[in-house]
Number of protein chains: 2
Amino acid sequence: MSATIKDVAKHANVSIATVSRIINKKPGFSPETEQKVLDSIQALGYQPNALARGLINKDTQTIGVLFPAVSNMFASEVLSGIEEYANEMGSSVIVCNTAEDGERTLKYLQVLSEKRVDGIIIVSEYIKEEYYKALSEMKIPKVLVSSISFEYPIPYVKVDDRHASFSAVNYLIGKGHRKIAMIAGNSTDPIAGVPRIEGYMAALRANGIEPSNDMIIHCDGFGHKDGVQAMKDIMDRDMDITAVFASSDELAVGAMSHAIRHGIRVPDDLSVMGYDDTKLAEMMIPSLTTVAQPLYEMGLMAATMLFDMKSSGAVIESRIMNHKIMERETVKNLL
Amino acid sequence: MSATIKDVAKHANVSIATVSRIINKKPGFSPETEQKVLDSIQALGYQPNALARGLINKDTQTIGVLFPAVSNMFASEVLSGIEEYANEMGSSVIVCNTAEDGERTLKYLQVLSEKRVDGIIIVSEYIKEEYYKALSEMKIPKVLVSSISFEYPIPYVKVDDRHASFSAVNYLIGKGHRKIAMIAGNSTDPIAGVPRIEGYMAALRANGIEPSNDMIIHCDGFGHKDGVQAMKDIMDRDMDITAVFASSDELAVGAMSHAIRHGIRVPDDLSVMGYDDTKLAEMMIPSLTTVAQPLYEMGLMAATMLFDMKSSGAVIESRIMNHKIMERETVKNLL
DNA sequence: CTGAAAGCGCTAACAT
DNA sequence: ATGTTAGCGCTTTCAG
């Protein structure tokens, strides 16, 4: 096995306490012994054992992050922000793919608890009672990203979905669109579903347009396939619209894809607007006009809040991040 | 603090050894005591401390994964595969974003070493001498994904890039294309650069076409921007081509994007082929014909190899995964 | 400035 | 079947 603090102490002819002080830069040693010990550390290739340290310090320099899925642009951009800040703070991040499965989530929570992580970030997940129970048993900071809990007091960082959705639809209306369908994703989703539909309806009403339930397409999820399916629906029903607003970029892209394949030109025949502003939106052809959530910054912010809570011991207040309309090429100006 | 094994022992009126046996299902206890202890565990909400365990067992149930960047489809699909298998094996995965930075990589290696991870997977990175030095000091399994080291004996899982590239270009030629440019990405990259260029040239030669260096566009990296820039180059030079083969999907998409914006129709005026088969390829409009690397499976395989090495103690052999031409919509049949 | 010794929470002999 | 005890590698009083 690799060298331990004992080996170093022996090699340098000092006590392990002295070595420990030097490693941790705690006062109480002379420059000479320091050099001696440093040399020994070098010579032996000593590396402190983080487990032993964590056991005593109650501080593992590790945080856990839960995602419903890791392989999509949304998750990876948020993760990127979290990782960046954690790294700056000298912490590692354990990724957990819950696959939106309750048991799997609980199991992960259990593991993170046993590993004594310093904090937990939960992305895009609704907090069920069992989760909260497990979560609150571990007395560590936690923060939600792109999610919110109405029942439980967990700070979150998200955009105002209702408002963002309102802005998007309002933008569309500002461009002269009045017949706007919405691809709502999973409309039972309390975070990404409901508020965005509300925003859509509110924007319509604010502009004197009475929303129709027929114009809201409900899907299983927020993925590309769902978008394709939704557009198929729209076309099958021969819906009379000039624009469609989707609850996610993937949804929008899937919809565009189906439409274009069937001879509908975007934006000439149909305007499309997405939600999220993942990298996909700008890579698309035509590039997708969408409402941006600052994904990377949200990850960064969540991590910042987590570490702030860790050091202050207090619960920090939630943050509503600014959304922004990213004007690109998929919305036609009708005026 | 949370309950320890001692608390459980006291509560159940047994010794900690007995509790330990029961937790770990090691023989040597009666059903009655088992129930008693289980009840106490329940009552106290006891959770074994993974740090203390790891300290003794020399087994942390944690692996580390290094990526040059986390926020792209390539990385996230590989990660997804790794996470899946690790989870099945009861391990957690720590993600490390090296940002292609030597110091940062070394620092991460150091951290993973101190945390005593059970193994390390390195994705899409060239192994520098300093990395190998750090890596070999930790006596744990490591495997490379989509990379290879010629100098050092680290098992890898990748596709045969030269062959895959050959197949792609050969496919293009089979469709009647003879004037084919290549967007090579970073052509100094020993893994994703050089072999793919070689494959391109070999395919050309095998079909009696003499490759021209002018037709190979060198970029900084493999991203979307690089693709846009490359196509700008191609168009500025008024290159006489019917098809372009790119070293990554993002490159291909960027190129398509620029071309289409400038009135070039894909595939009518220009055929485009990518490399990787990330989800981006199928979401693109028109969907991108590309050579597929089984990203998720590669992650899964790498993790499998890692755990196999861990349990067998032996170094396992590398795997060349099958690539596959994904015929979609961006290649025109000229015949 | 330095060392001895007591744990952190757990596992694994070694008793009984 | 169960308990005692010695560590795992480290930090931290408490002495000197």
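Residues numbered from 1 in each chain as written. Chains lettered and ligands numbered in written order. Predicted model: local features only at pLDDT ≥ 70, side-chain atom pairs only at ≥ 80, totals over all residues. Heavy atoms only, no water.

Looking at an unreviewed UniProt entry, one finds chain A named LacI family transcriptional regulator, with Falsibacillus pallidus as its source organism.

Chemist: Pulling in residues and values, what's your account of the side chain of B:Ser287?
Modeler: Residue position: B:Ser287 is located in the loop between helix H12 (279-283) and strand E10 (289-292). Setting aside chain neighbours within four positions, we find B:Ser287 in contact with A:Arg261, B:Ala281, B:Glu282, B:Arg328, B:Glu329 and B:Thr330. (Helix = DSSP H or I, 4+ residues; strand = E, 2+ residues; numbered from the N terminus. Contact = heavy atoms within 4.5 Å.)

Chemist: Would you mind going over the relation of the copies chain B and chain A in detail, with residue names and values included?
Modeler: If you rotate chain B by 180° and push it 0.0 Å along the axis, it lands on chain A with an RMSD of 0.0 Å. What the rotation and shift describe, once combined, is the action of a two-fold rotation axis. Considering only C-alpha atoms, the residue of chain B closest to the rotation axis is B:Ile94, which sits at 2.1 Å. The share of interface residues of chain B whose copies in chain A are also at the interface is 100%, consistent with both copies meeting through the same surface. (Least-squares fit on C-alpha atoms with pLDDT ≥ 70 in both.)

Chemist: Describe the interface of chain B and chain A, naming the residues involved and giving the relevant values.
Modeler: Taken together, the contact between chain B and chain A spans 56 residues of the former and 56 residues of the latter. Counting each side, the surface lost to burial between chain B and chain A is near 5100 Å², with a carbon and sulfur contribution of 54%. When the buried surface of chain B facing chain A is broken down by residue, B:Leu51, B:Met283 and B:Ile285 rank first, second and third, together holding 15% of it. Across the contact surface, chain B and chain A share six salt bridges. The interface formed by chain B and chain A includes 32 residue pairs in polar contact (both at pLDDT 80 or more). Elements represented by at least two residues in the side of chain B that touches chain A include exactly helix H4 (50-57), helix H5 (73-88), strand E2 (92-97), helix H6 (102-114), helix H11 (249-261) and H12 of chain B. The greatest single-element share of the side of chain B that touches chain A, amounting to eight residues, is contributed by H5(B). Per-class residue counts for the side of chain B that touches chain A are 22 nonpolar, 19 polar and 15 charged. (Buried area = accessible area lost by both parts, 1.4 Å probe. Salt bridge = Lys/Arg side-chain N within 4 Å of Asp/Glu carboxyl O. Polar contact = N/O pair within 3.5 Å; in protein donor to acceptor, adjacent residues only side chain to side chain. Nonpolar A, V, L, I, M, F, W, Y, C, P; charged D, E, K, R; others polar.)

Chemist: Account for the protein's contact with DNA strand C, with residues named and values stated.
Modeler: Lining the immediate surroundings of DNA strand C are 30 residues, of which A:Arg21, A:Thr33, B:Ile5, B:Tyr46 and B:Ile56 lie closest. At 2.9 Å, a side-chain N or O of B:Lys26 approaches a phosphate oxygen of DNA strand C. For DNA strand C, a phosphate oxygen lies 2.5 Å from a polar atom in the side chain of B:Tyr46. The set of elements that each furnish at least two residues to the surface near DNA strand C consists of helix H2 (16-23) and helix H4 (50-57) of chain A together with helix H1 (5-12), helix H2 (16-23) and H4 of chain B. In the surface near DNA strand C, the residues fall into twelve nonpolar, twelve polar and six charged. (Near = heavy atom within 4 Å.)

Chemist: Now, about the protein's contact with DNA strand D: what can you tell me, with residues and values included?
Modeler: Residues in contact with DNA strand D amount to 30 residues; listed here are only the nearest, A:Ile5, A:Tyr46, A:Ile56, B:Arg21 and B:Thr33. Here the atoms of DNA strand D within 4 Å of the protein split so that 65% fall in sugar or phosphate, with bases taking the remainder. A:Ser20 is positioned such that a nitrogen or oxygen atom in its side chain is 2.8 Å from a phosphate oxygen of DNA strand D. The separation between a phosphate oxygen of DNA strand D and a polar side-chain atom of A:Arg53 is 2.8 Å. Listed by contribution, the elements that provide at least two residues to the surface near DNA strand D are helix H1 (5-12), H2 and H4 of chain A together with H2 and H4 of chain B. The residue makeup of the surface near DNA strand D, split by class, is twelve nonpolar, twelve polar and six charged.

Chemist: So what's going on with the pattern of salt bridges? Residues and values would help.
Modeler: Opposite charge on two side chains allows them to pair when their charged atoms are near. According to the stated counting rule, one finds 30 salt bridges over all chains in the structure shown. We note a salt bridge from B:Arg328 to B:Asp277, for which the minimum N-O separation is 2.4 Å. Residue B:Arg328 is found in the segment after strand E12 (324-326), and its partner B:Asp277 is found in the loop between strand E9 (271-276) and H12; the two are separated by 51 residues along the sequence. Residue classification places B:Arg328 among the partly exposed positions, given a relative accessible area of 22%. For B:Asp277, a relative accessible area of 16% translates into the label buried. Via salt bridges that share partners, A:Asp59, A:Asp118 and A:Lys310 belong to a single interconnected network. (Buried < 20%, exposed > 50% of the residue type's maximum accessible area, 1.4 Å probe, protein only.)

Chemist: Go over the sheet that holds E10(B) with me, naming the residues and quoting the values.
Modeler: All names here are of chain B. Taken together, the six strands give an open sheet; going across it, the order is E7-E6-E8-E9-E10-E12, and neighbouring strands pair in mixed fashion. Two strands close off the open sheet at either side, each with one partner strand: strand E7 (216-217) and E12. As paired elements, E9 and E10 share four bridges and run parallel to each other. Bridge pairing links Gly 274 to Thr 290 in E10. Each of strand E6 (180-183), E7 and strand E8 (243-246) touches helix H10 (residues 224-236); the most contacted strand, E6, lies at about 145° to it. Contacts from H11 reach E6, E8, E9 and E10 within the one sheet, and its direction differs from that of E9 by about 155°. (Pairing = 2+ DSSP bridges. Axes fitted to C-alpha atoms, helices over the stretch in contact; angles between N-to-C directions.)

Chemist: So what about the UniProt feature "domain: HTH lacI-type" (unreviewed entry) in chain A? Which residues, and what values?
Modeler: The residues that UniProt annotates with the feature "domain: HTH lacI-type" (unreviewed entry) are residues 3-57 of chain A. Each end of residues 3-57 of chain A is marked by a C-alpha atom, and these two atoms are 21 Å apart; helix forms 69% of the span and strand 0%. (UniProt positions renumbered as here; feature names shortened; annotations may be inferred.)

Chemist: Explain the sheet that holds strand E5 (residues 156-159) of chain B to me, and be specific about the residues and the numbers.
Modeler: Across a sheet, paired strands are connected by hydrogen bonds in the backbone, their directions being either parallel or antiparallel. Taking strand neighbours across the sheet as the criterion, the twelve strands line up as E11(A)-E5(A)-E4(A)-E3(A)-E1(A)-E2(A)-E2(B)-E1(B)-E3(B)-E4(B)-E5(B)-E11(B) in an open arrangement whose pairing is mixed. Of all the strands in the sheet, just strand E11 (319-321) of chain A together with strand E11 (319-321) of chain B have a single pairing partner and so form its edges. The average undirected angle you get between the axes of adjacent strands in this sheet is 20°. Pairing geometry for strand E1 (residues 62-67) of chain A and strand E2 (residues 92-97) of chain A, over six bridges, is parallel. From the neighbouring strand, A:Val65 faces E2(A), where its bridge partner is A:Val95. Packing of helix H6 (residues 102-114) of chain A onto the sheet brings it into contact with E1, E2 and strand E3 (119-123) of chain A together with E2 of chain B, and relative to E2(A) it is tilted by some 160°.

Chemist: Please give an account of the environment of B:Ile16 that cites residues and values.
Modeler: Residues and elements named next belong to chain B. Position of Ile 16 relative to the elements: it lies in helix H2. Overall, the relative accessible area of 43% leaves Ile 16 in the partly exposed class. Remark: the alpha-carbon pair of Ile 16 and Lys 6, spanning ten residues in sequence, is separated by 5.8 Å. If we skip the residues at most four places from it in the chain, Ile 16 touches Ile 5, Lys 6 and Ala 9.

Chemist: Kindly report on the packing of helix H8 (residues 161-174) of chain B against helix H9 (residues 194-206) of chain B, identifying the contributing residues and their values.
Modeler: Two quantities define a packed helix pair, namely the angle between the helix axes and the distance between the axes. All names here are of chain B. Contact geometry of H8 with H9 gives a least axis separation of 7 Å together with a crossing angle of 40°. What the angle tells us is that H8 and H9 run oblique. In the packing of H8 onto H9, the handedness of the crossing is right-handed. Taking contact as the criterion, the partners of Asp 161, Arg 162, Ser 165, Phe 166, Val 169, Asn 170 and Ile 173 in H8 are, on H9, Pro 195, Arg 196, Glu 198, Gly 199, Tyr 200, Ala 202, Ala 203, Leu 204 and Ala 206. A class-by-class count of the residues in the contact of H8 with H9 yields nine nonpolar, three polar and four charged. (Parallel < 35°, antiparallel > 145°, perpendicular 65-115°, else oblique. Left-handed = near helix turned anticlockwise from the far one by under 90°.)

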